[in-house]
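Survey of secondary and tertiary structure
What follows is the residue order along each chain.
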Amino acid sequence: MANCLRVLYAAVWGAPALILILAIGIYLTVRLRFNQITMFPRAWRMFCRQLFQVSDRQTGTSGFQALCTALAGTVGTGNLVGVAGAICLGGPGAIFWMWICGILGMATKFAEVTLAVRYRIPGPDGYAGGPMYVIANGLGSRFRWLSVFYCLCGVTAAFGVGNAAQINSVVSSVNHLLRSGGFQVTFWSNLLIGVILAGVVGTLLLGGARRIGAAAQRIVPITAGVYILLCVVVLIVRADAIADAFRQIVSGAFSPKAVTGGALGSAFQTLRVGCSRGVFTNEAGMGTAAIAHAGAEVDHPVSQGLMGMIEVFLDTIVICSLTAFVILVSGVPIAYGVDSGPELTTQAFETVYGGAAGFFLTGALCSFAIATVLGWGLYGARCADFLFGKGTWKKFALIQTAAILFSAVMDTGTVWQIAELVNGVMVIPNLIAVFSLSSEVVRLTKEYKI
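So, how was this worked out
- Residues numbered from 1 in each chain as written.
- Predicted model: local features only at pLDDT ≥ 70, side-chain atom pairs only at ≥ 80, totals over all residues.
- Heavy atoms only, no water.
- Helix = DSSP H or I, 4+ residues; strand = E, 2+ residues; numbered from the N terminus.
- Rg over C-alpha atoms; globule rule 2.2 N^0.38 Å.
- Buried < 20%, exposed > 50% of the residue type's maximum accessible area, 1.4 Å probe, protein only.
- Contact = heavy atoms within 4.5 Å.
- Areas by Shrake-Rupley, 256 points an atom, 1.4 Å probe, with all protein chains shown as cover.
- Lys, Arg positive; Asp, Glu negative; His and termini not counted.
- Charge placed at Lys NZ, Arg CZ, Asp CG, Glu CD.
- Phe/Tyr/Trp six-rings, centres within 6.5 Å; stacked < 30°, edge-to-face > 60°.
- Patch = residues over 30% accessible without salt bridge, like charges linked within 9 Å, V, L, I, M, F, W, Y side chains within 5 Å.
- Salt bridge = Lys/Arg side-chain N within 4 Å of Asp/Glu carboxyl O.
- Expected span 1.5 Å × (residues − 1).
- Axes fitted to C-alpha atoms, helices over the stretch in contact; angles between N-to-C directions.
- Parallel < 35°, antiparallel > 145°, perpendicular 65-115°, else oblique.
- Left-handed = near helix turned anticlockwise from the far one by under 90°.
- Nonpolar A, V, L, I, M, F, W, Y, C, P; charged D, E, K, R; others polar.
- Polar contact = N/O pair within 3.5 Å; in protein donor to acceptor, adjacent residues only side chain to side chain.
- Core = buried A, V, L, I, M, F, W, Y, C linked by side-chain atoms within 4.5 Å.
- pLDDT = per-residue confidence, 0-100.

Attention shifts here to the overall build of the protein chain. Tallying secondary structure elements over the protein chain gives 21 helices and zero strands in all. For 450 residues, the compact-globule formula gives about 22 Å, and the C-alpha radius of gyration of the protein chain, at 20 Å, lands near that figure. Dimensions of the protein chain, computed from C-alpha atoms along their principal axes, come out at roughly 55 × 45 × 45 Å. Classification of the 450 residues of the protein chain by burial places 62% in the buried group. Sequence-distant contacts, at least 24 apart, represent 84% of the contacts inside the protein chain between residues at least 6 apart. By element, 67% of the accessible surface of the protein chain is carried by carbon and sulfur atoms, the whole surface being about 16900 Å². Positive and negative side-chain charges in the protein chain, numbering 28 and 18 respectively, have mean positions lying 7 Å apart.

Encoded structure:
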């Protein structure tokens, strides 16, 4: 099975997929006249206004709640564990390509979210939308099969990207903490962690979209804010090493051998890892976050499209970058060629915080993972509703909760490979729709600016 996964992974994340993702990002950036730069100040002001507002809606979801739900799906263990893995497998230069994917991804996410709000449909629990509705309502009924394919991938990814990878990373982090304290890690201890997480997540998932939005509005800003503060303190303490870390990132993007001492010599490997982990963390090109954004009660599709841009900026340009710099300035040895999981990130923080770092990061990982499983629970449930009709939410939520128990005892390497494999497959139908309907995005953007 491992060999089969490697072959499929190489095919999905080979040159064609990377060219497609980057090409669509460049195309949208040009067509929208670099709106991720020109419209960013407006988007940031809108985000800041909503940050400290508490929604008093009795029905529906506010634009900020939709943003937090989308961030819950994207700001997960990939920002902590995925970044460390990207540096190990692609060298520091992988972070440079993660930045490029993030900048281009801001335009892609803007288009995805704008289209999702444009083609959404009303429902008993608020609006339902996403790539499946964009394809079906925007491209026409003859492309419904593409919507079905996307939803099948979405349901599968909800158990992989949005469940197994997140829970497995939490278990790995807790195990690292237990071993450092002299405790023995067993199958049963992993299962116990899974039971606790399943209880918390299941209660929130069964509450529906509004409960998920309310939980995300509280979990994401607080957890992200605390994590950013922890990173900033490390960078202040290691300020003298920041310039060298930046040099490693830039030079390693084009000559990884020079930075990794020959352990990694392929520039394409660096680009591939950076792009694949970049897409894993911000999901620009996958269209999944647009499912959450589509539920926002906003006056114009572009208003929420701007929040989509902010989502990518916060996820990749801010949080992923902080994690990368913390690792590179820490001076801890990096085992190039081996995906380290959460251990490398923990060791980096321990250089400043000592043994307390494990507790801080485990808490952050748990919060991020719970938020991500909630966000992906929403995505999977919406995809299931599209495939099987209304009324599948509770059934899906129960299955998703049960899957947490299996995720807690699975192999880490296999989980990440499957997660990134499904990510790559989901990109294809979504980008076909975004490219085909790019003229509508341009029209809506011009209309919004007037």
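Turning to helix α6 (residues 81-90), a few remarks are in order. Since the α-helix packs 3.6 residues into each turn, any two residues three or four apart lie on the same face. Along α6, 10 of the 10 residues are buried, which leaves the element largely enclosed by surrounding structure. Buried within α6 are the following residues: V81, G82, V83, A84, G85, A86, I87, C88, L89 and G90. Two residues or fewer past α6, G91 is found with a positive phi of approximately 80 degrees.

With that settled, the discussion passes to the packing of aromatic side chains. Summed over the entire model, instances satisfying the criterion amount to 17 aromatic pairs. Both rings, one in W44 and one in F47, keep their centres 5.2 Å apart while their planes meet at 40 degrees; by these two values the pair is tilted. Of this pair, W44 and F47 are both found in helix α4 (residues 40-51), three residues apart, which corresponds to roughly one turn of the helix. Taking relative accessible area as the criterion, F47 reaches 9% and is therefore assigned buried.

A cluster of basic side chains, namely R31, R33, R42, R45, R49, K446 and K449, defines a positive patch on the protein surface. Of all the secondary structure elements, the ones that give two or more residues to the positive patch are α4 and α21 (438-449). The residue R33 is located in the loop between α2 (15-31) and α3 (35-38) in this model. Classification of R33 as exposed rests on a relative accessible area of 63%.

Here we take up helix α18 (residues 356-388). With 33 residues, α18 should cover 48 Å at 1.5 Å per step; its first-to-last C-alpha distance of 47 Å lies within 8% of that length. Across the 33 residues that make up α18, a large majority, 25, are buried. One or two positions beyond α18, positive phi appears at G389, with a value near 90 degrees.

Orientation of helix α12 (residues 242-254) relative to helix α16 (residues 301-330), taken along the N-to-C sense of each, is 110 degrees, at an axis distance of 9 Å. In this view, α12 runs roughly perpendicular relative to α16, as classed from their interaxial angle. In this structure, α12 crosses over α16, and the sense of that crossing is right-handed. Contact with α12, carried on its side by I242, A245, F246, Q248 and I249, involves F325, L328 and V329 of α16 and no other residues of that element. Residue classes in the contact of α12 with α16 are distributed as seven nonpolar, one polar and no charged.

So, on to the environment of N137. Considering the arrangement of structural elements, one finds N137 in helix α8 (residues 131-139). The class for N137 is partly exposed, based on a relative accessible area of 41%. Along the backbone, N137 and R120 are 17 residues apart, and their C-alpha atoms lie at a distance of 8.4 Å. The residues contacting N137, other than those within four sequence positions of it, are Y119 and I121. In this structure the side chain of N137 is engaged in a polar contact, spanning 3.1 Å, whose partner is the backbone oxygen of Y119.

Per the counting criterion, the structure on display carries five salt bridges. Here E311 makes a salt bridge to K109, at a shortest N to O gap of 2.7 Å. Residue E311 is located in helix α16, and its partner K109 is located in helix α7 (residues 93-118); the two are separated by 202 residues in the primary sequence. The residue E440 makes a salt bridge to R118 at a minimum N-O spacing of 2.9 Å. Taken as a pair, E440 in helix α21 and R118 in helix α7 lie far apart in primary sequence, 322 residues in all. For R118, a relative accessible area of 35% translates into the label partly exposed. Look at the salt bridges and you will find they share partners, linking R118, E440, R443 and E447 into a network.

Turning to the nonpolar core, a few remarks are in order. Within the largest apolar cluster, 144 residues are counted, with the highest numbers of intra-cluster contacts made by Y227, L306 and F349. If you tally residues by element for this core, the top one is α16, at 18 residues.

Side chains of I26, V30, F34 and I37 sit close together on the surface and give an oily, nonpolar patch of about 400 Å² of accessible area. Along the polypeptide, V30 turns up in helix α2.

On to the confidence of the model for the protein chain, then. Per-residue confidence for the protein chain averages 83 on the pLDDT scale, and 90% of its residues sit at or above 70. Ranking the helices and strands of the protein chain by mean pLDDT puts α8 first, with 94, and helix α1 (residues 2-12) last, with 67.

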